[in-house]
Amino acid sequence: MAANTKTSRKAARYAVPVAVVGIAAATVAMVPAFANAGGPDLPKVTAQQLIEKVAASDVEQLSGTARLTTDLGLPTLASGLLGGGGVTGGSANPEDKIAQLANGSHTFRVAADGPDRQKLTFLDGKDEYSLIHNGADVWGYDSKSNEVFHEKNPEAAGKGTEHKTADRLAGSPQQMAQEILKTAGPTTDISVGDTAQVAGRDAYQLVLKPKQSGSTVGSVQIAVDAKNGVPLRVQLLSSQGGKPIVDAGFTKVDFAKPSADTFKFTPPKGAKVTEGLEEKGEEHGKEFKALESFPGLDALTGGGNGEVKVLGEGWATVARIDTGAGQGLKELEKDKNAPKEAQQFLNSLGDKVTGKFGEGRVLSTRLVNALITDDGKVYVGAVTKDALVKAADSAK
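Residues numbered from 1 in each chain as written. Predicted model: local features only at pLDDT ≥ 70, side-chain atom pairs only at ≥ 80, totals over all residues. Heavy atoms only, no water.

K.L.:
Explanation requested: the pattern of salt bridges in the structure shown.
P.N.:
Opposite charge on two side chains permits pairing when their charged atoms draw close. The tally for this structure, following the rule as stated, stands at ten salt bridges. As a salt-bridge pair, D189 and K211 come within 3.9 Å of each other at their nearest N and O atoms. In this pair, D189 is assigned in strand β8 (residues 188-192) and K211 in the loop between β10 (201-210) and β11 (217-225), connecting sequence segments 22 residues apart. The class of D189 is partly exposed, set by a relative accessible area of 33%. The network of salt bridges with common partners includes D71, K243 and R366. (Salt bridge = Lys/Arg side-chain N within 4 Å of Asp/Glu carboxyl O. Helix = DSSP H or I, 4+ residues; strand = E, 2+ residues; numbered from the N terminus. Buried < 20%, exposed > 50% of the residue type's maximum accessible area, 1.4 Å probe, protein only.)

See the structure below:
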C-alpha cells in the first residue's frame, strides 16, 4: 500500500476522541475497482487513489455532531454490566463512559483544533457528560453527579504529547479508518463502492471484504469526504447480514476552526474534583464481586497470566489462551454453592460444543466469539463458532 505512514499517524492524532469498542481490522489487498453510480456524481477513482487521499488529508479543525451505534449482540448479563444502552451519568471517570459505548446508540457534539485541543460532549438524555482536552489538561465533567475528572500533563502543552486518558479515547471515524487502512495486506479485497452523502458532504466509499471464510465480518465500509479525504463514517457489517455491528459517523460537520472558548473549562462551584486515574476502589466493579469470589472463574479467564498463542492470520486469526489451570466450566457447573451471578454468567456463555479438543461452551456476539474449554483453554477471535471449534481441534 502506498499510504504515507507519517501522514496517517498525523491524521489519527488529530481525531476527535469518540470512544468506541475496538475493531480488529485485518489486512487489505488493492483491487482497482471504480466508484459506481447511485449517489453523487463524482470523478472515478481507484481504491489505491482513495487510500492515498485519506493518508494525505491534513485536516486539523472541525466541529459538528456524530453518532455511534453498536450492536454486538452481547449476552444479557454482559450488556447489563456494560451499562445497557444509555449514558446515564453518575461518574466523571472517562473509563466508565467508554464501557457504556459497547452497546446501544449514542450521540456526541464534537470539536477539534489540532493535536492539543479536542472536546466531546455526550448528548444522551437530559444530563450531559463532557470530555475536554486543552493543552496540558484533560477534563471530564458529569452534570448529573456534578463530578469532575482532571488529568494534567505539563509536558504535553504545545507538544502534541498524548495523555493516558487520551490514549484510552481512540475511535472517531477518522481514527478507526486510519487503523483499518494501516494494516493493509493480502487477506482482504478492497474496492470502491457507491458514492454517498454523509453529513451533507459528497463521499466515496471504500469497501473492505475478507478473502478468508469463517470471519464474522462481512465487510467494512469507509465513507471518505470527496474534497478533503477525511473519513466521515465507518460501518462494520456482519457476515450474517442485518444492521451494522458498528456504525460510527458524523451527522453534521464543519471544517472551520472552532472558537478557543470551546475548549475552556472551569469546574462548577461545589463540584467534586478527582485528580488523575485512581486505583479501583471498593465500589468500582462491584457487579463482579460475586464472580470474583468463585475460585474457578480465574481459570476461565486465565487470571491475566495465561500463555497466548496466535493461530491463523488476517480475518481468520484466533488467539489461544492456555490458563494452565486444567479446570474450568465443569467446576462451575458442579459447584452447588456457586453464587447465582456466576451461574448467570455460565448460562450467558451459550451452547455446549464438542470436538477433538474435548468439551466446552461458546460465548457468542455478532463480532467476537470465544470458546472456553472444560480443561481451561480459551479460543477467541472475530470468527464463527465453527471456525473456533476447527481452530481448537487443529491445536490439539
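K.L.:
In this structure, what is going on with the packing of aromatic side chains? I would like to understand it.
P.N.:
Each aromatic ring pair is described using two quantities: the centre-to-centre distance and the angle formed by the ring planes. Enumeration over the complete set of coordinates arrives at four aromatic pairs. The interplanar angle of 75° and the centroid separation of 5.4 Å between the aromatic rings of F122 and Y129 together place this pair among those described as edge-to-face. On the basis of an interplanar angle of 50° and a centroid distance of 5.3 Å, the ring pair of W139 and F265 is categorised as tilted. With W139 in strand β6 (residues 137-142) and F265 in the loop between β13 (246-254) and β14 (272-275), the pair connects residues that are 126 residues apart, well separated along the chain. No difference in accessibility class separates W139 from F265, as the two residues are buried. Here the aromatic cluster, defined as three or more aromatic residues joined through ring pairs, consists of F108, F122 and Y129. (Phe/Tyr/Trp six-rings, centres within 6.5 Å; stacked < 30°, edge-to-face > 60°.)

K.L.:
Can you help me understand unusual backbone geometry in this one?
P.N.:
Excluding glycine, residues mostly have negative phi values, and the peptide bonds linking residues are mostly trans. A positive phi angle, near 55°, is found at N146, a position not held by glycine. With respect to the helices and strands, the residue N146 is situated in the loop between β6 and β7 (147-152). Under the relative-accessibility criterion, N146 is labelled partly exposed at 24%. One non-glycine residue, A199, lies in the positive phi region at around 55°.

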